[in-house]
Structure formats: structure tokens, C-alpha cells
Amino acid sequence: MRFGILGETRAWRDDGAEVPLGGPARRALLTLLLVRPGEVVSADRLGDEIDPDGALSAHALQSQVSRLRTALGSEAAIERAGAGYRIVVPPDDVDACRFERLAQDGRAALRDGDAERAVTLLRDALELWRGPALADIAEGETAQAAAVRLEEQRLGALEGRIEAELRLGENRVPELRELVGRHPLRERPAALLMRALAAEGGQAEALVVFEATRRRLADDLGADPSAELTALHRELLSADPSPSPAAPPVPLTAFVGRDDEVAEVADLLRVARLVTLIGPGGVGKTRLSVQVAGAVTDEVCFVELASLRDGAGLPQALLGALGLRENGLHLGSGAQTPLDRLITALSDRVLLLVLDNCEHVVDDAAALAARLLATCPRLRVLATSREPLGVIGEHLMQVRPLDAQAAVRLFTDRAQAVQRGFTADPELVRRICAALDDLPLAIELAAARLRTLHVGDLAARLDDRLGVTARGSRGVDDRHRTLRAVVAWSWDLLPEPEQRAARRFAVFAGGATAESAVRVCDTDPDTLESLLDKSLLEFTGGRYRMLETIRAYAAERLDASREGEPVRCAHARHLLELVRTADPHLRRAEQLEWLPVLAAEHGDLLAAVRWAVEAQDVETALDLIAAASHYLWIRGASASIAAQATALLDVIGDEPAGRGEEYVMCVLSAASGRPVWQRHRVPAAKALTAAWSGTEPGRYPVVLLMWMMRNAGDGDAHGAFALVASQCERPDPWVRAAARYVSGFGPLGEGDTTSAERVFASAVEGFRSLGDRWGTALALDSLAGLAGTRGDRATALALTDEALALTERLGALEDSADLLVNRGDHLLAHDAAAARADYEKAAGLARRAGSATCLAAALRGLGDIALSAGDPAEASRRYDEALERLDPHWIKSAGNRVRTLAGLGRVAEARGDHTEARARYREAAESAAAVMGTATPESLRAMGLPETVVETVSAG
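We now turn to the structure provided with this report.

### Topic: the overall build of the protein
Part 1 of the argument: Along the backbone of the protein there are 46 helices and 12 strands.
Part 2 of the argument: Taken over 956 residues, the protein has a buried fraction of 53%.
Part 3 of the argument: Contacts in the protein between residues at least 24 apart in sequence constitute 69% of all its contacts with a sequence separation of at least 6.
Part 4 of the argument: Taken as a whole, the protein presents about 39,500 Å² of accessible surface, with 49% of it coming from carbon and sulfur.

Written out as C-alpha cells, the structure is:
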């Protein structure tokens, strides 16, 4: 017989039939006996817990026992023992006992690292529960203690099962959120949720969970988090947010031949800093470079240049491959160019940079490689090209066709992939490979045809097509013609629907998802699969791609078909629909889901913008730039469309009728060039005012913050402030939060920190309620600064930590460096060692991000450390280095410039040069006034400036 007390008390015979137990008293009696089967429970305790009012006499209890014996029959014995009773059943026949055993075994398996077994045991244990433990007995010391013990074990088993599932890679975030909500004072589910969120990249959310748990423990229990939870918090804070460089593509087929060449190139790179693999298209340069990249021990960054239209986008392509933003969340890094950022990022980094397919941008690639090698002494470059780069110190390696034996092996390998059990006369295979000049790509295209052709028919068709005769040595041009002929031959064998889809696919610069390819190419999935089978397309990383040699031929066929413009227009419209769909999600919690989607389409987005501008399709170009601006800003890639935006402004001149807001977005996108900004700032201001002054809001809310930040550094700061701050009552919650964030700088500039803090806090809540990590980070940064100003170091650090986690999650490396400097500033007066660590880490991140401005801020902090340590010479050196890197035209540089000048004033004071000190303090005050429009003592203190500067201003 089996018994259940994990829920209502029930009993079942071995055949599954349920035993009728009778009324509540009898169920309660059985429950108490089953809590510890085999142990005696005194009659007094049974009576008291079955009927706390004392109405159950000894005789009545004996009567209930007798009736229960009758109900259970001979399968379970209830015995009288001394002054009490016990039930004699095997413990494993009671669900509570079986649960405790399984839970204990599950915990042991988890401790031993056997997550799969732990999951099985704990799931089995939890499935025994049908409701609250001991549901048929509400009161009594024995029952309550047993119920509490079992419920605690149940919760522990649930946590253990979730932990084991997390170890197996399962997503349990929703279940953990619900569990933490039900048990807010329990630290284990909070820790599990933090780890689960961090594993999915949600470090910011994980830190928010810690802060909420910490506050609840303090408020409800007056206690601090445990050492384990605190250690986890530190672990998450210290996690390295550095992005990983782009890895070489993962080959889908085996590498055949060229082992000696791999070793030769790897050896050459040990002594040479620039090696270029040269050879005709299809000879295998890219594949060889991938194998070499896998053989070296240095960090590798693989940059595919085939999709670039011209060399102007080379620096941006390298920044993207390195995982770096072109600018920070605060709208950019002033006048610093992408090349400047690259030099800063690579100046001290041991890295092999692979530049693949340089031939169409060879001059720009050569200039860039030469500059980087000259300024980054630990960098090495491996390039692939059809011609040399022509840089001094370049080592060339000619990549030749496969040798005869390797060519036959490659053909056979690829043939067996499409025709199981493929065998052929080796001489026939050798003749086919010789006809294809032993070019790997040509061999792969031909072998793919064996799905439908016999090898003899394939050889005959190649003979006809290529005019195969006995050949001697053949040059590069001949081989290129051979490859082109093979591509054309394979193309001509396609039915018309497949040819149409293949030539239309050429418009995709970075490949396409199946859905995108079907829509733009006006085809169907089966056609794409057929092109994949015939090696005209590849499929990797969830996207279809086309080898550049084939894509170039397909583009020619597209232009020849006169479908080029309509298909490119369809491509641009498809990208416009995508960015429009994504735009509102970028202001919500879903931004982390949509950013990777748009990042995958980044190359195609740039291609669509370029086509629209060149085709002078002003409407489509403006719409694309406007709709993509929020994505580009968050990603830090606004500069990638600056050239196209500038060219578009040249086409449209003044504001286009009815497209005022789009025009403003275009101006902001082109504004990295100061002449463009100076020319268009006034008409753009009028257009933006017209778009956002009426009862209906504009279409692109992000323009408000972009406009404010651009004008704050170099424009009409007061006018921009008034326009944005006036939007505080708009119905759109994101617009309200953004307007409140901006309006907080009004009272801050007047020294009213209380009002400023209230407004910034409102902005934080607004952004946080929407799940917008980017906006939340901006507002938290301002709140942290105010907390630090009033001396509330703990709050300043907590707010900065939260903002830091948010920027790291967004991949905003530069902004993470900026926040680390801020955290160091909060720590400086109390923990110099921790402050130094933050400044040094910030300097490292700034170098990796290529941000001279953030590096300057970190150097200023290290100068402060040196000054506080009594080393004015070192402090002066650090301050001077910082001033060299600070950009006077960028708003984020202004505060650090003021603090750096103040630091130099303190250095002068330490040397006894009071005249120099006063001059530096005055310069700092004037810089502060230029930023805030005034330099009152209150406003200077709000900026966190030392009292020496404040006193200088007060003294006149």
C-alpha cells in the first residue's frame, strides 16, 4: 500500500485503487502516524493535535484507530505501543519519506557535479507533491514542525533542480523571477537568478536583483547579504566587458592539402609583421588565411572586406570586427576619427589582424595597414589580395593552385558529400581537375554537379565548355578566365527561377536570412535550398551567403537583366521596414533582442543607404537614415553613414518639404563634420522645433537627446535645452523620461542639486519602467554624480555600479570606461587603492575602445592619485597627457578638462607657485562657465570641483 501526505492525505492499494479513509479525524490520525512511520506517537499528542479543543477522549481516539485499521486492512498495521500508537509500513511507501530520500540523493548528485542525475532525482521528488504538506491537519506542534520541514525541503529541492538545469544550459529565468517574487528574503533563488541573467548577458538585471535583495534584507530583517551573495555581486562587477574580435569563419568542409603552406605562413608571421597572400580568385587564399589564423597563438581578428563598396569604410569595418563602437552613448567622441580610435585601441595590443579580400580597396588597405603597423608595434597583419599591397616591409606569398594529388582528393571529398559511395577512375578525375586548373573553388562547383550528372558526363561537358586540350604552364589571367568560365557554366545549368533568385541575391552585402532572401529575391525556400545544393550559396550562422567570386558574377547578370534598380529598391524598402519595426523596441526592454537582429543586417543597411543616396531616392534615403539612427547611436556606429548623410544633404540642400524631422536626423548623422554642422544647424533647429512644438509629437523621439547632446558641445545649448525640456508632458513615456533627464540640467546649472536630483530620479524611473538600459544608464550616471557631490559615497557607488552593468550589457565599452573613472572619483578620498584599480581598468578599456577622451579621463584620475600620494611630478605628467587627449568640442570632455586644470593648479600650489596655481584655477573656472553658462560657487560645487577653484571664482 502507498500513502500520500504531500497534499491531502490519501492511501492506495497496490493495484492503484484508492482506500476510503473516512472523515477528517481519521485522515488527521493517519497523517500524524505517517510523519515518521514506525515511530510511536503518544495518545495524548494524537488527541491534542486531532482536536485542539480537547473534545477527543481516549475512548474516541481508540475508536478512530479501530476504524482506520479496518479501512486499511492487513496491508498496513497500526500497533499500540506503550502509551501511544505507530504505523508499520516501509518508509518508501510514504510519499514524504520517498521525497526526502530522492531530494537528498539529488543534492548529493549536484554536489558531485552530476547535473543530469540531479535533475532526474529532483524532478522525481518534486512530482510527488500534490499540494501543501500535511494538508489534512492544520494545527499542532508535531504537524506544524513536520510541515515546515517538508516545505523547506521542497523549496530546497526546487532550487536544486533549477540550479542543475542551469548547469545543463536550460533557460530558467522566468521561473526564477517568480520564485524570487514569492520568497524575496531567500538568497539562494536570488543568487541563481543573478547567475542565470548574467549567463544570458543580463549583467545589469543581475545587479538590480542584488540591489533589490539587499534592500529587502535591510528593511525587513536589518541584515546584510550573505558573504556568498556579496561575493557573487563582486564577481559580476569585475566581469571583463571587453568585446571579442571577429573570429575567422568556421569552414563547413574539410581542409584538403596546403599543410606545408599553413606552416610556412605561420613561420613567416613570426618574423614579418605584414604578410600578403596573393593569387587569383578561387585559388583558396581565404581558406588558407583561416587555417593560418587557427594555427597562431596570438589573438586574431578576422575582417572580411568583400562587402565594402570602397575604401572609405575600412576603418569602420575594422572597428566593427574588433567589437568596438565608433562612438559612445553620449553621441560621439568629438573630433576623434575612426582611424584615431583604431590606433588607440591597437597601440599596445598583441593581435593578428587578417584583412581578407583587399583587391578592390587595395590602395586604402595598404595605407591603413601601413599606418597601423607604424603606430601599433605589437600588431601583425595577414592580408589576402589578388595583388600586393605595396607597403614597405611586406612579405608576399603566392598562393598557387593545388598540386595534382591534393586536387584529386578535394574533388573526391566533395563528390562523396553529394553522391554517397562515389568512386571514379583516378585518371578521369585528374583530367577534370586539370581542366579546372586545379582551382579549389572551380573544383567544388564542378563536384557539386555530381548530384545530377555522371562523372563521365561532367568531364565531357567541361571539355566542351573549356576547350580542354593538353596544356602547359598557365598564368594567373588564364586561371581567372577558367574560374569565370566554370562559374558561368554552373550558372547556365540553372533553370530560370534559380538564375533569377541567384542574380537578385547579389544585392545582399552581408548575406540574408531565409525570410529576407525569399522576399527580396521574390523566390521560395526550395529554390534557395537548390542553390545551396549546387554550391552557389552557402548557409552558415542562420544566414545564406554567396562567395564573393560568385556574387560578382551574379551582380553582372543582375545588371544585364535590367532588374538591378527594382531589386535594389526592394532591398532598401525591406531594410527600411526592418529598422522601422525595430525602432520602438529599442526604447523598451526588448532592445537587447533587437540589437543583434539589426547588427546582423548592418552591412546591408549601409548598402541600402548608399544605393538610395546614389540613386537620389531622397525619400527612401531620409527614411532609412532617420529610422536607423537610434540603432546606430546605441551601437556606436553613427559615423558609418556620415559620408552618405553628407552626400544626401548636398542633394537636398535646405530642408525638404514635409520631411523636416528626417532632415534633422540626416544633419545629426552627418554632423561629425563641423562644416556640415555649421551650415545646417540653424535650418535643422527650425525644422525640429516645427516637428516637436505642435500637439502631435514627432516620429523619432531619439532626435531629442541627439539634438541636445550635439548642441551642448557645439551649438545653441540653451535653445536645445528649452525645446527638449518642454516635452515633459508628452504621452509617450520614453519622451517624458528623456525630457526629464534633460530638464534636470536646468536646476543643476543653477546649483539647485535637490531639484536636479528629483528630476533625474524621475527620469531613471521612467527609463527603468520601460526596460531601456541605455536611457537608464544616462540618468543613473547623473544621479550618481549628485550623490557624490553631497558626500553620499555609498549611493554614488551603487548607482554607478548599476549604470556600469547596463553599459557593459549594451557593449558600450567607452561608456564603461567613463563610468569606471566616475567610480574611481567616488572612491578616491576613501580608498585610493580601489580608485587606482578603477582608473587603470578604465585606461585599459579606453585603449581597447580606441577612445582618447576616456583615456584622458583615466589619466586625470591617475594624476589625482599621484597628487594625493605626494608625487606632484607624476601628477603633472599624467595631467599633461590628459590635456593632450581631451577634445574641447565634446561635452563629455569638458568636466574632465576642468578637473585636469584644477589638478594642475594643485600641483602648482604644491610647488609653491601660487601665481601659476591661481591662473590654472581661473582657467578651470572659465572652462566650467563655458560648459554650464555660468560659474557660480554652487554650480562649480555641483560639478564636483575642489574648493580651491570655487574660492578663486568667489574672490573674483
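### Observations concerning the pairing of strand S5 (residues 84–88)
Two faces belong to every sheet, and in a regular strand the side chains alternate between them.
Part 1 of the argument: Note that strand S3 (residues 41–42) and S5 share 2 bridges and pair antiparallel. For Ser42, the partnering residue across the bridge sits in S5 and is Gly84.
Part 2 of the argument: As defined by bridge partners, strand S4 (residues 77–81) adjoins S5 across 5 bridges and the pair is classed as antiparallel. Bridging across to S5, Ala81 finds its partner in Gly84.

### What to know about the packing of aromatic side chains
Part 1 of the argument: The final tally for this structure, using the stated rule, is 12 aromatic pairs.
Part 2 of the argument: When the centroid spacing of 5.4 Å and the interplanar angle of 85 degrees are considered together, the rings of Phe99 and Trp129 count as edge-to-face. Taken together, the residues Phe99 in helix H4 (residues 95–111) and Trp129 in the loop between helix H5 (115–126) and helix H6 (141–167) connect sequence positions 30 residues apart. As far as the burial class goes, Phe99 and Trp129 line up, both buried.
Part 3 of the argument: Between Trp734 and Phe767 the ring centres are 5.9 Å apart and the planes differ by 65 degrees, which places this aromatic pair in the edge-to-face class. Taken together, the residues Trp734 in helix H34 (residues 733–743) and Phe767 in helix H36 (residues 753–770) connect sequence positions 33 residues apart. Phe767 carries the same exposure label as Trp734, and that label is buried.
Part 4 of the argument: The rings of Trp633, Trp734, Phe767 and Trp774 are connected pair by pair, giving a single aromatic cluster.
Part 5 of the argument: It is Arg587 that lies over the ring of Trp734; its NZ or CZ is 5.9 Å from the centre.

### Looking at the sheet that holds strand S10 (residues 395–398)
Part 1 of the argument: Taken together, 5 strands build an open sheet; the order of strands is S7-S8-S9-S6-S10 and the sheet is parallel. The open sheet is flanked by strand S7 (299–304) and S10, the only strands paired with a single partner. Strand-to-strand twist of the sheet, defined as the mean angle between neighbouring strand axes without regard to direction, takes the value 15 degrees.
Part 2 of the argument: Each of strand S6 (274–278), S7, strand S8 (351–356) and strand S9 (379–385) touches helix H12 (residues 285–295); the most contacted strand, S9, lies at about 160 degrees to it.

### Focus on H34
Part 1 of the argument: Taking burial as the measure, the 11 residues of H34 include 8 buried ones, the bulk of the element.
Part 2 of the argument: Three or more residues of H34 are buried, namely Trp734, Val735, Ala737, Ala738, Ala739, Tyr741, Val742 and Ser743.
Part 3 of the argument: The N-terminus of H34 is capped by Asp732, whose side-chain oxygen sits 2.8 Å from the backbone nitrogen of Trp734.

### Let's talk about helix H23 (residues 525–533)
Part 1 of the argument: Those residues of H23 that sit buried are Thr527, Leu528, Ser530 and Leu531. Along the axis of H23, the buried positions cluster into a sector of 160 degrees, meaning they face one direction only.
Part 2 of the argument: In the core, the buried residues of H23 are packed alongside helix H21 (496–505), helix H22 (514–521) and strand S12 (543–545).
Part 3 of the argument: By the N-cap criterion, in which a side-chain oxygen at the helix start approaches the backbone nitrogen of a residue two or three places on, H23 is capped by Asp524, the distance to Asp526 being 3.0 Å.

Reading guide: rules and limits
Residues numbered from 1 in each chain as written. Predicted model: local features only at pLDDT ≥ 70, side-chain atom pairs only at ≥ 80, totals over all residues. Heavy atoms only, no water. Helix = DSSP H or I, 4+ residues; strand = E, 2+ residues; numbered from the N terminus. Buried < 20%, exposed > 50% of the residue type's maximum accessible area, 1.4 Å probe, protein only. Contact = heavy atoms within 4.5 Å. Areas by Shrake-Rupley, 256 points an atom, 1.4 Å probe, with all protein chains shown as cover. Pairing = 2+ DSSP bridges. Phe/Tyr/Trp six-rings, centres within 6.5 Å; stacked < 30°, edge-to-face > 60°. Lys NZ or Arg CZ within 6 Å of the ring centre and 35° of its normal. Axes fitted to C-alpha atoms, helices over the stretch in contact; angles between N-to-C directions. Polar contact = N/O pair within 3.5 Å; in protein donor to acceptor, adjacent residues only side chain to side chain. Arc of directions from axis to C-beta.

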